[in-house]
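Coordinates in review
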Amino acid sequence: MFHLIEAFGIALRMIVSGDTVVFSIALRTLLIASASTLAATLLFVPLGCLIHFNSFRGKRLATGFIQTMYSVPTVFVGMLVFLMISRTGPLGGMGILFSPWAIILGEIVLIFPIITGLTISALQGTGKGLEDTAIALGASRRTMVLKVLTEARYTMFTSVLMGFGRALSEVGVAIMVGGNIAGHTRTLTTAIALGVGKGETASSIALGLILLFLAMMVSIMVNLLQHGGNR
Amino acid sequence: MILQMKNIYLRKEKSRILGGVSINVPEGSFFVLMGPTGCGKTSLLRLAGLLDKPDSGEVHFHGIPVPSKGEALFQTRRRIATMFQSPVMFRGTVWSNISWGLKIRGVSKTEIARRVEQILDFTDLESFAHRDASTLSGGERRRTALARALVLNPELLILDEPTTSLDPSFKRDLLKRLSEIHSRTGTTFLMATHDFTDALAVGTIGAVMRNGLVTQAGSIDQLLFKPENSFMASFTGMRNIFPAEFTGSMARVGEVDVAHAGNRNGHGFLAIPPESIVLALSKKVTSERNRLTGIVKSVERSGINWDVVVEVADISFTVAITTGALHELSVTTGSSIYLSFKASAVHLF
């Protein structure tokens, strides 16, 4: 117990003093999670909109499949991406294995269902009545789509934040395709996993507290957006 | 005719919603589409508002067939406004909700301000203009939705069950307002309701639907006083509807002979409004051709009046009487009583 309290004290001192190693890992984690979330947003928010606003055979099945993939195990995605980008894989020529790009790619795949599925849910949540009202008041299809997107904006931001939260806190993809290389691909979660194994309790706690803080910030923002969305 | 719907068929998920419906809505009329819940009113209104496409049949607007897609459909739809049963409010204030339709039509800001002010005044919503639309009550939402549709100066305004789930005072207020707006603007109204009394309050003409078909159409008076079948009679609130065998000016209802003002032979139905039947404790000499003796089976309150059920042979007649008449006659269950009604009070169909 005394060891744990002491480790907490050291961890807090590391955070307050701005420990270079700890903060460089935190910054790298933020950059990787932000880059993957940005790319996933640009790709999958439009995909969610396409699925919602269009009728096609198998739409319900596709939506259901995407939504069941929310909790896909990160190690499974890590393995899949590893097989794709390893030297013998179809994308082996890119030569990105064990680089931050590999983690970004893996996290894009990981949060694809969350961003796409929650975008669809956000748009569905506005209700058919909103689309009908816009059309009945003289909107063209384009104007109607823009109106629905405007009305659903808070919930759609929430889906992006949920994706960011998932990218920030995942460990399977980062360790499998990033390799946990110090100063290169080490992220908060992989560093914690390694630190605990090596008995570096204080630095692991410091990294854990930063991760917890970031995750809480995401949750608070999600709550604020949901509050705004309900107004 | 501003709107003609000809032989409209519609199926949804393998079930028939509309089975060949035709209606004609004259320009400037207040057309009321009536019928019980689930009879296809809303589906027909969505087709009239050009929001859905029928499986077959034609929709004509001002005598011109409306195409199923393209610019012509879009431009025609802009001449019609629909207010749904549960109006959805956009995020923002009442003002921004009302002005949205004008904004997307590219109307100038000054013109939008002028027209919104005018409609707010017209619908008594001035004090709500800057209220967040999500905080409005059910009645206020409907008024805002009405203002949002009216501000577009539509040639045809479609209202889907605007009074559903409103409390009686709000309902009366809304119907009064609709009637005023109709007479002041001259806009053609097409309103669906399951309540015949709504039609009486505002309608000039209408149609009654049942199981995806129009069962009778005509003026509201015709629908009320000349029901063509027993469903219509019961929908308009008529009671004492009996199957009958007609022979000239007489009809045999069970074991009771009823005189009527028509001349008819064969099988059919007749109805006698409960208000047209007079109760008496003794046999009086009256001008009524129908004079019967019966036993009081029950006495029940019905609003401010009373319903007395009198059994004559094998037929039960419901008679509506006031509280004063109830006390005067000392009507009690099991007592013998005389009832009379005029032949002209008997409706045949």
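Residues numbered from 1 in each chain as written. Chains lettered and ligands numbered in written order. Predicted model: local features only at pLDDT ≥ 70, side-chain atom pairs only at ≥ 80, totals over all residues.

Focus: the overall build of chain A
In terms of helices and strands, chain A carries 11 helices and zero strands. For chain A, the succession of helices and strands along the chain, N to C, is α-α-α-α-α-α-α-α-α-α-α. On the principal axes, the C-alpha backbone points of chain A span a range of 65 × 45 × 25 Å. Counting across all 231 residues of chain A, residues that qualify as buried make up 40%. Considering only intrachain contacts with a sequence separation of at least 6, the fraction spanning at least 24 residues in chain A is 76%. (Helix = DSSP H or I, 4+ residues; strand = E, 2+ residues; numbered from the N terminus. Buried ≥ 20, exposed ≤ 12 C-beta atoms within 10 Å, placed from the backbone. Contact = placed C-beta atoms within 7 Å.)

Side note on the overall build of chain B
Helix and strand counts for chain B come out as 10 helices and 18 strands. Once the C-alpha set of chain B is aligned to its principal axes, its extents read approximately 75 × 45 × 35 Å. Among the 349 residues that make up chain B, the fraction classed as buried is 38%. Considering only residue pairs separated by 6 or more positions, chain B has 66% of its internal contacts joining residues 24 or more positions apart.

A closer look at the nonpolar core
Counting residues in each nonpolar core, the largest one holds 138 residues, and the members touching the most others are Leu33, Ile158, Leu190 and Leu270 of chain B. At 13 residues, the largest contribution of residues to this core is made by helix H5 (residues 100-125) of chain A. The two domains that each donate at least three residues to this core are domain 1 (3-235) and domain 2 (241-348) of chain B. For Leu270 of chain B, the residues in contact, after removing those within four places along its chain, are Phe242, Ala244, Ala251, Val253, Val258, His260, Val346, His347 and Leu348 of chain B. Formed by 13 residues, the second largest nonpolar core is a distinct cluster that contains Ile25, Ile205, Leu207 and Ile210 of chain A. (Core = buried A, V, L, I, M, F, W, Y, C linked by C-beta atoms within 7 Å. Domains from an automatic or database assignment.)

A short note on the domain arrangement of chain B
You can read the domains of chain B as domain 1 (3-235) and domain 2 (241-348). For the side of domain 1 of chain B that touches domain 2 of chain B, the class distribution of residues is two nonpolar, two polar and no charged. (Nonpolar A, V, L, I, M, F, W, Y, C, P; charged D, E, K, R; others polar.)

Focus: the sheet that holds strand S12 (residues 256-271) of chain B
Residue and element names in this part refer to chain B. Read from one edge to the other, the open sheet built from three strands follows the order S11-S12-S18, with strand pairing classed as antiparallel. Two strands close off the open sheet at either side, each with one partner strand: strand S11 (241-253) and strand S18 (347-348). As paired elements, S11 and S12 share 12 bridges and run antiparallel to each other. When the bridges of S12 are listed, Gly248 appears paired with Arg264. (Pairing = 2+ DSSP bridges.)

What about the confidence of the model for chain A?
As a note on interpretation, predicted positions should not be read in detail where pLDDT is low. Summary statistics for chain A give a mean pLDDT of 90 and a share of 97% for residues scoring 70 or more. Mean pLDDT values for the elements of chain A range from 80 in helix H1 (residues 2-16) of chain A up to 95 in H5 of chain A. (pLDDT = per-residue confidence, 0-100.)

Structural notes on helix H2 (residues 20-53) of chain A
With 34 residues, H2 of chain A should reach 50 Å at 1.5 Å per residue; the first-to-last C-alpha distance of 48 Å fits that figure. The axis of H2 of chain A is deflected most strongly, by about 35 degrees, at Thr41 of chain A. (Expected span 1.5 Å × (residues − 1). Bend = angle between axes of the 7 residues up to and from the residue.)

A look at helix H4 (residues 74-85) of chain A
For an α-helix the count is 3.6 residues per turn, leaving residues at separations of three or four pointing the same way. Residue and element names in this part refer to chain A. For H4, with 12 residues, the first-to-last C-alpha span of 16 Å sits near the 16 Å given by 1.5 Å per residue. Among the residues of H4, those classed as buried are Thr74, Val77, Gly78, Val81 and Ile85. One face of H4 carries all of its buried residues, which in axial projection span an arc of 100 degrees. Where H4 is buried, its residues contact H5 and helix H9 (172-178). (Arc of directions from axis to C-beta.)

Here's the deal with the interface of chain B and chain A
In this assembly, 19 residues from chain B lie in contact with 14 residues from chain A. Listed by contribution, the elements that provide at least two residues to the side of chain B that touches chain A are helix H2 (71-77), strand S6 (80-83) and helix H3 (94-103) of chain B. Among the residues making up the side of chain B that touches chain A, the classes are represented as nine nonpolar, five polar and five charged.

Looking at the sheet that holds S6 of chain B
All names here are of chain B. Read from one edge to the other, the open sheet built from six strands follows the order S6-S7-S8-S3-S9-S10, with strand pairing classed as mixed. At either end of the open sheet lies a strand with only one pairing partner, and these are S6 and strand S10 (213-219). Across the sheet, the mean angle separating the axes of adjacent strands is 15 degrees when strand polarity is ignored. (Axes fitted to C-alpha atoms, helices over the stretch in contact; angles between N-to-C directions.)

Structural notes on the environment of Leu3 of chain B
Residues and elements named next belong to chain B. With respect to the secondary-structure elements, Leu3 resides in strand S1 (residues 3-12). The class of Leu3 is buried, set by 25 C-beta atoms lying within 10 Å. Sequence spacing of Leu3 and Thr293 is 290 residues, and the spatial spacing of their C-alpha atoms is 52 Å.

A few points about the packing of helix H3 (residues 59-68) of chain A against H5 of chain A
All names here are of chain A. Direction vectors running N to C along H3 and H5 enclose 130 degrees, while the axes themselves pass 8 Å from each other. Here H3 lies oblique to H5, going by the angle between them. In this structure, H3 meets H5 at a crossing whose hand is left-handed. Taking contact as the criterion, the partners of Thr63, Ile66 and Gln67 in H3 are, on H5, Pro113, Thr116, Gly117 and Ile120. Residues belonging to the contact of H3 with H5 are distributed by class as follows: three nonpolar, four polar and no charged. (Parallel < 35°, antiparallel > 145°, perpendicular 65-115°, else oblique. Left-handed = near helix turned anticlockwise from the far one by under 90°.)

Quick notes on the packing of H3 of chain B against helix H4 (residues 109-122) of chain B
Residue and element names in this part refer to chain B. At a minimum axis separation of 10 Å, H3 and H4 run at an interaxial angle of 130 degrees. Between H3 and H4, the angle is such that the two are oblique. Viewed along their axes, H3 and H4 form a crossing whose handedness is right-handed. Contacts from Trp95, Ile98, Ser99, Leu102 and Lys103 of H3 reach H4 at Ile112, Arg115, Val116 and Ile119. Residue composition of the contact of H3 with H4, by class: six nonpolar, one polar and two charged.

Observations regarding the environment of Arg177 of chain B
Residues and elements named next belong to chain B. Within the secondary structure, Arg177 is located in helix H6 (residues 168-185). What makes Arg177 partly exposed here is the crowd of 18 C-beta atoms within 10 Å. Considering only alpha carbons, one finds Arg177 and Ser249, 72 residues apart in sequence, at a separation of 45 Å.

So, unusual backbone geometry
Residues and elements named next belong to chain B. Positioned with a positive phi, Asn7 is a non-glycine residue whose angle comes to about 50 degrees. One can find Asn7 in strand S1. Given 13 C-beta atoms within a 10 Å radius, Asn7 is considered partly exposed. Positive phi is not limited to glycine here, since Ala313 has a value of about 50 degrees. By the element assignment, Ala313 lies in the loop between strand S15 (305-312) and strand S16 (315-321). On the basis of neighbour counts, which here come to 13 C-beta atoms within 10 Å, the residue Ala313 falls in the partly exposed class.

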